[in-house]
Amino acid sequence: MSFFSTRGNCCVTASQAILRGLAEDGGLYVPSMFPVVPLEKACALGQLPYPRRAAEILKLYLEDFSSGEIDHAVDAAYGPDRFSDPAVAPLKPLDEGTWVLELFHGPTLAFKDIALQLLPHLTALSARKNGESREVSILVATSGDTGKAALEGFRDVPGTSCTVFYPLDGVSDVQRLQMVTTGGSNTHVIAVRGNFDDAQTGVKELFTSSAFASEMAARGRILSSANSINFGRLVPQVVYYFSAYADLVARRAIVSGDPVNFCVPTGNFGNILAGFYARQMGLPIGRLICASNRNNVLTDFFNSGIYTTHRVFFKTISPSMDILVSSNLERLLFEVSDRDGELVRTWMRLLKECGSYSVGDQRREWLEGIFWGGCADDHDTLEEIGRRFRQDHYLMDPHTAVASAVLRQYRLVRADRTPTVLVSTASPYKFSRDVLAGISGGEKGGVPNPFACSEELEKLSGIAMPEQVRRLKDLPVRHRAECEKDAMGAAVLREFDA
Ligand SMILES: *Cc1c(COP(=O)(O)O)cnc(C)c1O
């Protein structure tokens, strides 16, 4: 299996795609073809533990990795010391015809752990395969969830280090505490005196600075990235679509071959794209329901075929979906265009220069057969949290609740009774304050201290607080570095030279 760029036809191996992250022409790496998994084999996954399910799917794409390497990597990533639920991605019944796929049982309580627990192992192996003996130094700018997930993934992985920049006043208390208390000998956390855009811009500049690259080389290091456009983050996410389907068959909720819909809270389009890849591989997925918050650029795209960033950006209670340019959509465009790199390049140029592009009616109709886009604002989201708690005794985080509200709309509009998996991306305890407001009808949203919020939520819901949240209060702060937004490179080097 080789990998192409969405904007051309450069051809690299899986390990090169993972190590480089982004193709040289600015495109994203995509597999040269989608390996088809026969239905029988897909259903048989239901008899295997999660790490073995993952290995079966990963082997189809990572052809320059040996079986032994993949087995070792998935065992390290998905072991009981990492995921509090042995099923890793457990599927739970919600109501008649609806199941929740819980992807938040990893160390940082968000779905990003599923990919970021595995990526460091794939990165280290990729470096070795390509004769790269220098330390692979990951740089990440984060607005919240990704930073902690990357830190936990790369923590103490030999041959790597991980440095995270976060905006000093731009993350929640829980998110900041999660990061600054991270252990490990190769983790670095630096607060930037600026906002998220400043941190992101600073990281991008370091990636293109030859002066910084030579400073790093002089220290025996090369730079790499762990953001969600890396193919190494996409392929671990394909696994849980197969896993959920196999679980439904194993429980006799469906019979082999029945279609299943997936409803996915979407931001950068990485999670739902993995579902599309699973569908391309032959998994009987009916419709992929793309749920957005008030930043509903994708809803408009699926309705009109036009992607436009000429719009106001809203800060919502589902911050990981607050995004105007969904990077991974480019991989879907590649398939929509019938793998025409020239056309994708044109659309991306239009997006950059004019802020919008249109895929045309014929392609929009093709998309309509697979996707359905919907959105829910903060008010709908809080109401949905309350409704799910009262009706189904299920506690949802705001991101999952966006998807749940959109699923409700979809069923109303389309009268589609296909069994549906609601993909849950974060623990409610990561967003205690808003979840508390949701289940108490806004009454309890005023509790100021994040720990008090979590305790109140536990008392009110009877659903246990994860250990990671409880422990946070007592963990020592290990990272105190701060820097100006124009001095991030120096701050990284200071960490390495300390
Ligand atoms: C990152 C994230 C999302 C969005 O996922 P994408 O792959 O970017 O679409 C949704 N919910 C949570 C909690 C997240 O952390």
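Small disclaimer: the values here were computed from a predicted structure and weren't measured. (Residues numbered from 1 in each chain as written. Predicted model: local features only at pLDDT ≥ 70, side-chain atom pairs only at ≥ 80, totals over all residues. Heavy atoms only, no water.)

Trainee: Report on the overall build of the protein chain, specifying residues and quantitative values.
Mentor: Helices and strands together make up the secondary structure of the protein chain, namely 22 helices and 15 strands. Relative to the globule expectation of 23 Å for 498 residues, the C-alpha radius of gyration of the protein chain, 22 Å, shows essentially globular dimensions. Overall, the C-alpha framework of the protein chain stretches about 60 × 55 × 50 Å when taken along its three principal axes. When the 498 residues of the protein chain are sorted by exposure, 58% land in the buried category. For the protein chain, long-range pairs separated by at least 24 residues make up 74% of all intrachain contacts whose partners lie at least 6 apart in sequence. If you sum the accessible surface of the protein chain, you get close to 19,200 Å²; carbon and sulfur atoms cover 50% of it. Across the protein chain, the 52 positively charged side chains and the 59 negatively charged ones have centroids separated by 1 Å. (Helix = DSSP H or I, 4+ residues; strand = E, 2+ residues; numbered from the N terminus. Rg over C-alpha atoms; globule rule 2.2 N^0.38 Å. Buried < 20%, exposed > 50% of the residue type's maximum accessible area, 1.4 Å probe, protein only. Contact = heavy atoms within 4.5 Å. Areas by Shrake-Rupley, 256 points an atom, 1.4 Å probe, with all protein chains shown as cover. Lys, Arg positive; Asp, Glu negative; His and termini not counted. Charge placed at Lys NZ, Arg CZ, Asp CG, Glu CD.)

Trainee: Could you give an account of the packing of aromatic side chains, with specific residues and numbers?
Mentor: The relation between two aromatic rings is expressed through the spacing of the ring centres and the mutual angle of the planes. Applying the stated rule across the entire model yields 19 aromatic pairs. Ring centres of Phe269 and Phe371 lie 6.0 Å apart, and the angle between their planes is 40°; this geometry places the pair in the tilted category. Here Phe371 lies in strand β13 (residues 371-375) and Phe269 lies in the loop between β9 (260-265) and α12 (270-280), a separation of 102 residues in the sequence. Note on Phe269: relative accessible area 1%, which makes it buried. Given the relative accessible area of 2%, Phe371 is considered buried. A connected cluster of aromatic rings, assembled from ring pairs, spans Phe34, Phe269, Phe276, Tyr277, Phe301, Phe302, Tyr307, Trp347, Tyr357, Trp366 and Phe371. The ring of Phe496 has Arg221 lying over it, and the distance from NZ or CZ to the ring centre is 3.5 Å. (Phe/Tyr/Trp six-rings, centres within 6.5 Å; stacked < 30°, edge-to-face > 60°. Lys NZ or Arg CZ within 6 Å of the ring centre and 35° of its normal.)

Trainee: Tell me about the pattern of salt bridges, residues and numbers included.
Mentor: Scanning the model with the defined rule gives 34 salt bridges in all. For Lys92, the salt bridge identified is with Glu102, shortest N-O distance 2.9 Å. Separated by 10 residues along the polypeptide, Lys92 in strand β3 (residues 91-95) and Glu102 in strand β4 (residues 98-102) bring together distant segments of the chain. For Lys92, a relative accessible area of 31% translates into the label partly exposed. Salt-bridge contacts for Arg364 lead to Asp361; the nearest nitrogen and oxygen are separated by 3.6 Å. Of this pair, Arg364 and Asp361 are both found in helix α16 (residues 361-368), 3 residues apart, which corresponds to roughly one turn of the helix. Residue Arg364 is classed as buried on the basis of its relative accessible area of 14%. (Salt bridge = Lys/Arg side-chain N within 4 Å of Asp/Glu carboxyl O.)

Trainee: I'd like a description of the site of the ligand, backed by residues and values.
Mentor: By nearness alone, 15 residues border the ligand, and Lys112, Gly267, Asn268, Asn271 and Thr425 come closest of all. With respect to the ligand, the side chain of Ser320 contributes an N or O atom lying 3.4 Å from an oxygen atom. Within the side chain of Thr425, a nitrogen or oxygen atom sits 2.8 Å from a nitrogen atom of the ligand. Burial of the ligand by the protein chains amounts to 97% of its free accessible area of 390 Å². Residue composition of the shell around the ligand, grouped by class: 5 nonpolar, 8 polar and 2 charged. (Near = heavy atom within 4 Å. Polar contact = N/O pair within 3.5 Å; in protein donor to acceptor, adjacent residues only side chain to side chain. Nonpolar A, V, L, I, M, F, W, Y, C, P; charged D, E, K, R; others polar.)

Trainee: Kindly report on the sheet that holds strand β8 (residues 221-224), identifying the contributing residues and their values.
Mentor: Sheet strands pair via backbone hydrogen bonds, and the direction of the pair is either parallel or antiparallel. Pairing in this open sheet of 5 strands is parallel, and the strands run β8-β5-β6-β7-β15 from one edge to the other. A single partner strand is all that each edge strand has here, and the edge strands are β8 and β15 (481-484). Each adjacent strand pair in this sheet contributes to an overall mean axis angle of 30°, direction not counted. Summarising the sheet, strand β7 (residues 187-193) and β15 pair through 4 bridges and their orientation is parallel. Across the sheet, residue Ile190 finds its bridge partner in β15, namely Ala481. Each of β5 (135-141), β6 (160-167) and β7 is contacted by helix α7 (residues 145-154), which is oriented at about 165° to β6, the strand it contacts most. Together, β6 and β7 form the strand contacts of helix α8 (residues 173-180), whose direction differs from that of β6 by roughly 150°. (Pairing = 2+ DSSP bridges. Axes fitted to C-alpha atoms, helices over the stretch in contact; angles between N-to-C directions.)

Trainee: Go over helix α20 (residues 450-461) with me, naming the residues and quoting the values.
Mentor: Counting along an α-helix, one turn takes 3.6 residues, and residues three or four places apart therefore face a common direction. Taking 1.5 Å of rise per residue, 12 residues should cover 16 Å, and α20 covers 16 Å from first to last C-alpha, within 8% of that figure. Restricting attention to buried positions, one finds in α20 the residues Pro450, Phe451, Cys453, Ser454, Glu456, Leu457, Glu458 and Ser461. Contacts from the buried residues of α20 go to α8, α17 (378-392), α19 (432-439) and α21 (467-472). Of the residues that open α20, the one with a side-chain oxygen 2.6 Å from the backbone nitrogen of Phe451 is Asn449. Of the residues flanking the end of α20, it is Gly462, one or two places downstream, whose phi is positive at about 70°. (Expected span 1.5 Å × (residues − 1).)

Trainee: Account for the side chain of Gln117, naming residues and giving values.
Mentor: For Gln117, the location among the structural elements is in the loop between α5 (112-116) and α6 (119-129). Here Arg82 takes part through its side chain, which lies 2.9 Å from a polar atom of the side chain of Gln117. Dropping the residues within four chain positions of it, Gln117 is found in contact with Ala77, Arg82, Phe83, Pro107, Glu152 and Gly153.

Trainee: Could you give an account of the sheet that holds β3, with specific residues and numbers?
Mentor: The strand order across the open sheet formed by 6 strands is β3-β4-β14-β9-β10-β13, and the pairing between neighbours is mixed. Each edge of the open sheet carries a strand with a single partner, namely β3 and β13. Adjacent strand axes in the sheet meet at a mean angle of 25° when their direction is disregarded. Strand direction decides the pairing type here: β9 and strand β10 (residues 285-292), joined by 5 bridges, are parallel. Its bridge partner being in β10, Phe262 is matched across the sheet by Leu288. Each of β10 and β13 is contacted by helix α13 (residues 297-304), which is oriented at about 140° to β13, the strand it contacts most.

Trainee: Got a sec to walk through the pairing of β9? Specific residues and values, please.
Mentor: Of all 6 residues in β9, 6 are buried, a share of seventy percent or more. Where burial is concerned, the two faces of β9 agree: the one with Val260, Phe262 and Val264 and the one with Asn261, Cys263 and Pro265 are both buried. The parallel pair β9 and β10, bridged by α12, forms a crossover whose chirality is right-handed. Of the pairings in the sheet, the one linking β9 to strand β14 (residues 420-424) comprises 3 bridges and is parallel in character. (Right-handed = clockwise from strand over helix to strand, strands pointing away.)

Trainee: So what about the side chain of Glu335? Which residues, and what values?
Mentor: Locating Glu335 in the fold gives a position in helix α14 (residues 329-336). Under the relative-accessibility criterion, Glu335 is labelled buried at 10%.

Trainee: Break down the packing of α14 against helix α15 (residues 341-354) for me, with residues and values.
Mentor: Axis separation between α14 and α15 bottoms out at 9 Å; the angle between their running directions is 135°. Taken together, α14 and α15 sit at an angle that is classed as oblique. Handedness of the α14/α15 crossing: right-handed. Residue-level inspection shows Glu330, Leu333 and Phe334 of α14 in contact with α15, the latter providing Gly341, Val344, Trp347 and Met348. Along the lines of polarity and charge, the residues of the contact of α14 with α15 split into 5 nonpolar, 1 polar and 1 charged. (Parallel < 35°, antiparallel > 145°, perpendicular 65-115°, else oblique. Left-handed = near helix turned anticlockwise from the far one by under 90°.)

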